[in-house]
Amino acid sequence: MIESKSNHILHANLSIDIAEIVNKFSTPLIIYSVIELNNRIVELQAALPVESRLLYSVKANPNPFVLNLFNQAGFGFEVASVGELQHLIKSKINSDRIVLGGPIKSKEAILSGIQNHILSYNVESEQDLQNIASASNQRLNISLRINPDFSNRNSLLKMGGVSSQFGIDENNVIPLIRKYKNEVNINGLFMFNGSQFFDAQDIIQNTSFLIEFAEKNKDEFNQLDFLDFGGGFGVAETADQSGLNMNILKTGLADLFKSKKQFLDRVKYKFFESGRYLTATSAILVSKVLDIKYSKGKKYIILDTGINHLGIRQLHYRTQRSFISTLKENEHYSPAILTGATCTPIDIILNEVDFPNVSVDDLILIHNVGAYTSTLSPYNFCGFTYPAEVAVDTNGYVLLIRERGDIENSCGLGYKVYGEE
Ligand SMILES: Cc1ncc(COP(=O)(O)O)c(C=O)c1O
């Protein structure tokens, strides 16, 4: 997490004056730390077997500046739509690093994948397989996503091991391979059982399951080139969540890869996927107090940010005080409700917590907004716009990496109005 104290972000040997950045770019403002992003890249890569490669999940944060850092780190990219795919191409990511996933791919996504010669497709159903197979007579690389019979103990977002729209139930995978073996190049297996695993054993168990399954059934494939173990690397976004123990993860995965070396050496691509771990802690949202008012005995602090920028995470975090701090130190607290300025009663940031006695125009910092914040926010709600984004680089320089949303397009979302020429 980015530490802040006395108006400054404290970071390695850099001390960055937030108020100065805000004077230049105004609020609400998202500030990324390149040092934090780099640290996360190094930490996660260090925990994963050297023979494996990371795919960055674009859905966590598609900012081209962020994509470029991961591209430079040598990562591949996991996309879930034609929009993400074309965004990567526009952002100059090499298409042979792109894997297309998602529960059912649109025709446009498949055609764009074929035109751009992307690396592979993670297929989630027989219909999905047929759609891809019928779109091309080229030999595309296709991995089947397994929904295994076992369920992990702890995951905040279970996507496998339970009934879901994702993947193919374990006992249907081999029959599907046999049925299409002569028609389609199924040369990989994929599994993504969930997100926000805080117990490294769950991730080790998932990886182990996929290796065992692949080894047991290796003769079913003409060739087995891809094993994508997924991930779900957990990151603590609030004080009540514990982080993932990277040492346990590293040792467990290293032992597993060592014990299966002979088999794994024959598989060309061994992937893990991550979005949240790499980006969540890399950004803070700086917001200004617009009003303080009392209603029927309760205190309301109204900010210039809210669910329009914090999105669905705020539905879970309303009672969590720990991810919000004030820029000015303030020792006096009183119970308050923090809200956004959009016109809906659901725009609650914090519900009745002890909060410092701030004043109008004070700056409030909302931490850990780097993942699933911009992508899961209704930022045009009520005609509001998206905040500007800046990045502080390793020398302390501040770069604008996304312009503030355009008020003219805040309701029209940029589409043409009927009757316009
Ligand atoms: C298929 C797939 N891969 C990767 C991810 C990224 O997960 P996380 O951000 O927890 O790393 C997701 C998240 O939903 C996913 O569905």
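Residues numbered from 1 in each chain as written. Predicted model: local features only at pLDDT ≥ 70, side-chain atom pairs only at ≥ 80, totals over all residues.

Q: Can you tell me about the overall build of the protein, naming the residues and giving the values?
A: A count of helices and strands for the protein gives 13 helices and 23 strands. Over its C-alpha trace the protein gives a radius of gyration of 23 Å, about what one expects of a compact globule, namely 22 Å for 421 residues. For the protein, the spread of C-alpha atoms along the principal axes amounts to about 70 × 60 × 45 Å. By the burial criterion, 42% of the 421 residues in the protein qualify as buried. Sequence separation of 24 or more characterises 68% of the internal contacts of the protein that already satisfy a separation of 6 or more. (Helix = DSSP H or I, 4+ residues; strand = E, 2+ residues; numbered from the N terminus. Rg over C-alpha atoms; globule rule 2.2 N^0.38 Å. Buried ≥ 20, exposed ≤ 12 C-beta atoms within 10 Å, placed from the backbone. Contact = placed C-beta atoms within 7 Å.)

Q: Lay out the site of the ligand in plain terms, naming residues and giving numbers.
A: Ser57, Ser195, Glu273, Gly275 and Arg276 are the nearest of the 14 residues found near the ligand. Of all the secondary-structure elements, those providing two or more residues to the shell around the ligand are strand E15 (269-274) and helix H11 (276-279). (Near = placed C-beta within 6 Å.)

Q: Give a description of helix H4 (residues 82-90) that names residues and reports values.
A: Along H4, the residues classified as buried are Glu84, Leu85 and Leu88. For H4, the angular spread of the buried residues around the axis is 100°, confining them to a single face. Tucked inside the fold, the buried residues of H4 contact helix H3 (64-72), strand E6 (76-79), strand E7 (98-100) and helix H5 (107-115). Once H4 ends, the next one or two residues include Lys92, with phi positive near 65°. (Arc of directions from axis to C-beta.)

Q: A description of the nonpolar core should follow, citing residues and the corresponding values.
A: Note on soluble globular proteins: their nonpolar side chains tend to be buried together. Core analysis: the largest hydrophobic core is formed by 100 residues, its most contacted members being Ile31, Phe77 and Ile98. When residues of this core are assigned to domains, at least three fall in each of domain 1 (3-32 + 281-409) and domain 2 (34-279). Dropping the residues within four chain positions of it, Ile31 is found in contact with Ile21, Ala283, Ile284, Val286, Val390 and Val392. (Core = buried A, V, L, I, M, F, W, Y, C linked by C-beta atoms within 7 Å. Domains from an automatic or database assignment.)

Q: Give a detailed account of the domain arrangement of the protein, specifying residues and quantitative values.
A: If you check the domain split of the protein, you get domain 1 (3-32 + 281-409) and domain 2 (34-279). A straight line from the C-alpha centre of domain 1 to that of domain 2 covers 33 Å. Listed by partner, the interface residues are 22 residues for domain 1 and 19 residues for domain 2. Only strand E22 (388-392) and strand E23 (398-402) provide two or more residues apiece to the side of domain 1 that touches domain 2. At three residues, E22 tops the list of elements feeding residues into the side of domain 1 that touches domain 2. The class makeup of the residues in the side of domain 1 that touches domain 2 is nine nonpolar, 10 polar and three charged. (Nonpolar A, V, L, I, M, F, W, Y, C, P; charged D, E, K, R; others polar.)

Q: Just give me the short version of helix H6 (residues 126-135), but keep the residues and values in it.
A: When H6 is considered as a whole, its buried residues turn out to be Asp128, Leu129 and Ile132. In an axial view of H6, the angular spread of the buried residues amounts to 100°, which keeps them on one side of the axis. What points out from H6, more than 90 degrees from its buried face, is the exposed set Gln127 and Ser134.

Q: A description of the environment of Gly232 should follow, citing residues and the corresponding values.
A: Within the secondary structure, Gly232 sits in the loop between strand E14 (226-231) and helix H9 (246-259). Once the C-alpha coordinates of Gly232 and Asp361 are considered, the two residues, 129 residues apart in sequence, prove to be 39 Å apart.

Q: Describe the environment of Pro387, with residues and values.
A: With respect to the helices and strands, the residue Pro387 is situated in the loop between strand E21 (363-366) and E22. Along the chain, Pro387 and Asn141 lie 246 residues apart, while their C-alpha atoms are 39 Å from each other. Every residue in contact with Pro387, bar those within four places of it in the chain, is listed here: Pro28, Leu29, Ile30, Leu285, His309 and Arg404.

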